[in-house]
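Chain residues, written in single-letter form:
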Amino acid sequence: MMNVVTLFGLCGPVLVGLGLFGLITNPQPLRKILAFNLLGSGTFLLFGVIARRGAAAGLGGDPVPQALVITGIVVAFAATAMAIALLLRLFQETGQATLDPGDANDTSAATDAS
Amino acid sequence: MTTAFIFNVVLVALLLVVATWIIASRDAFSAVVAFVAYGLLLAIVWVELSAIDIALTEAAIGSGVTGMLLLGAAGRLRDAEATAVSTGLPLRLAAAVLCALIAAGLAAIVLSPPSAVFSLAPDAMAHLWESGLGNPVAGVLFVYRAFDTLLEKIVLVLALVGVWSLAPDRFWGGIPGLYVYQQPNSVLTLLSQLLPPLGIVVGIYMFWTGANNPGGAFQGGTILAAMWILVMIAGLESVPSTNRRALRLLVVVGPATFLAIGLVGFAVAGGFLAYPAGYAKPLIIVAEAALTLSIGVTLGLLAAGPPERMQQQ
């Protein structure tokens, strides 16, 4: 019978696949950021399963991959915060939130007069 | 089949349904709400995987602060949603095949039994007592891989510098635009009066207990940040101007203290980020205390966003 760790281990790849699909197919930048976070959490889950399988020395899991995941979550957050700020600035400048270069031609001259 | 196994099957099913909703939902706002729920479900998965430290981080950062940032962005971008052109069917199919293949490849790796179980847990535990810490994850973060942790804190400061840099030139050093949320609301006011005294105690406890139990500077700092954001959103405390020297000092005091302790290691312990014997724990606690403060302030400012107005003279 499949054990719990393998169950979570299979959940990771599905999340990676779902996240990657959203990242490629969803045209809205905000949805791409969401999908990117989903993809990342799937990868973290795979790390977590590796850590759980390395349970030894009286610990529930290998603390090294666990610590790596914590660092990963923090760095992913920093990147997300930066991406959201970039997106909001793009919206502020052009009045739209799209990565399609064809849509932004008439407003690209909008510069920040200071 | 035990009850625990059935619970986990339901948990995974729920997680995947919510994850699919994040990708498939038509409305960005509901996708973000689903993302917050997803983060909390994922935190339960981390508990099931015996990774309490990660569960706390995921709930606080992955779901909490990220969710708040995304909600704010989704609210502001509501009008822009309709303009996006959807992807064509052939590309969607090709992407679906590619992603299914990648997922299947990763699943095959998970299912193939490893020839030998590789674990650094015995090594990590063998020398943990020398640091005086009781939490092996804190040991890895602050002793074995302290350099990673230092750089991670610096990445946060750099992200804040990046976010501030996105302000129009005339607003540089001004007040962040958290005003979006500022609507007088009696429930919000009550919560922001009731929660902070509790939250500050929990945040400090989380940092303090992190040396021996799950927790630590990051989780504690996030709770402090949440309390600060709550008070700012409710309008009980004004959003500070980003050119205030005290504020900027608070942002860098954590990484700077950690870096200074690391440099002192050259002189007294023979290497960068090495701790002299017997002083590891006090030095780590000092670094963590400073980091907790800096993380709280940095996360709060990241959530507040780039400056959008000038200080009233």
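Predicted model, so just to flag it, every value in this text is computed and none were measured.

**Student:** What's the story with the domain arrangement of chain B in this structure? I'm lost.
**Tutor:** By a widespread convention, an interface's size corresponds to the accessible area lost as its parts come together. All names here are of chain B. When its domains are assigned, chain B resolves into domain 1 (1-76) and domain 2 (125-313). The centre of domain 1, based on its C-alpha atoms, is set 24 Å off from the matching centre of domain 2. Contacts between domain 1 and domain 2 engage 13 residues on the former and 13 residues on the latter. Here the residues of the side of domain 1 that touches domain 2 sort into seven nonpolar, four polar and two charged.

**Student:** I'm lost on the nonpolar core in this one. Help?
**Tutor:** Generally speaking, soluble globular proteins have nonpolar side chains that are buried together. Counting 132 residues, the largest nonpolar core has A:Leu34, A:Ala81, A:Ile84 and B:Ile22 as its most contacted members. No fewer than three residues from each of domain 1 (1-76) and domain 2 (125-313) of chain B sit in this core. Contact partners of A:Leu34, with chain neighbours within four places excluded, come to A:Gly22, B:Ile22, B:Ala31, B:Val32, B:Phe35 and B:Leu70.

**Student:** Is there a simple way to explain the interface of chain B and chain A in this structure?
**Tutor:** At the junction of the two partners, chain B supplies 84 residues and chain A supplies 72 residues. Considered class by class, the residues forming the side of chain B that touches chain A number 59 nonpolar, 14 polar and eleven charged.

**Student:** When you look at helix H10 (residues 217-233) of chain B in this model, what are you seeing that I'm missing?
**Tutor:** Note that an α-helix has 3.6 residues per turn; residues three or four places apart therefore point the same way. When the terminal C-alpha atoms of H10(B) are compared, their 24 Å separation across 17 residues agrees well with the 24 Å that a helix rising 1.5 Å per residue should span. Of all the 17 residues making up H10(B), 17 are buried; the element is thus mostly covered by neighbouring parts of the structure.

**Student:** In this structure, what is going on with the packing of helix H8 (residues 146-165) of chain B against helix H11 (residues 245-268) of chain B? I would like to understand it.
**Tutor:** A packed helix pair is summarised by two numbers, namely the angle formed by the two axes and the spacing between the axes. Residue and element names in this part refer to chain B. Running from N to C, H8 and H11 point in directions that differ by 150°, and their axes come no closer than 10 Å. Overall, the two elements H8 and H11 adopt an arrangement that is roughly antiparallel. Between H8 and H11 lies a crossing whose hand is left-handed. Here Leu150, Lys153, Ile154, Val157 and Leu160 of H8 lie close against H11, whose contacting residues are Val251, Val252, Gly254, Pro255, Phe258, Leu259 and Gly262.

Thresholds, definitions, all that
- Residues numbered from 1 in each chain as written.
- Chains lettered and ligands numbered in written order.
- Predicted model: local features only at pLDDT ≥ 70, side-chain atom pairs only at ≥ 80, totals over all residues.
- Domains from an automatic or database assignment.
- Contact = placed C-beta atoms within 7 Å.
- Nonpolar A, V, L, I, M, F, W, Y, C, P; charged D, E, K, R; others polar.
- Core = buried A, V, L, I, M, F, W, Y, C linked by C-beta atoms within 7 Å.
- Buried ≥ 20, exposed ≤ 12 C-beta atoms within 10 Å, placed from the backbone.
- Helix = DSSP H or I, 4+ residues; strand = E, 2+ residues; numbered from the N terminus.
- Expected span 1.5 Å × (residues − 1).
- Axes fitted to C-alpha atoms, helices over the stretch in contact; angles between N-to-C directions.
- Parallel < 35°, antiparallel > 145°, perpendicular 65-115°, else oblique.
- Left-handed = near helix turned anticlockwise from the far one by under 90°.

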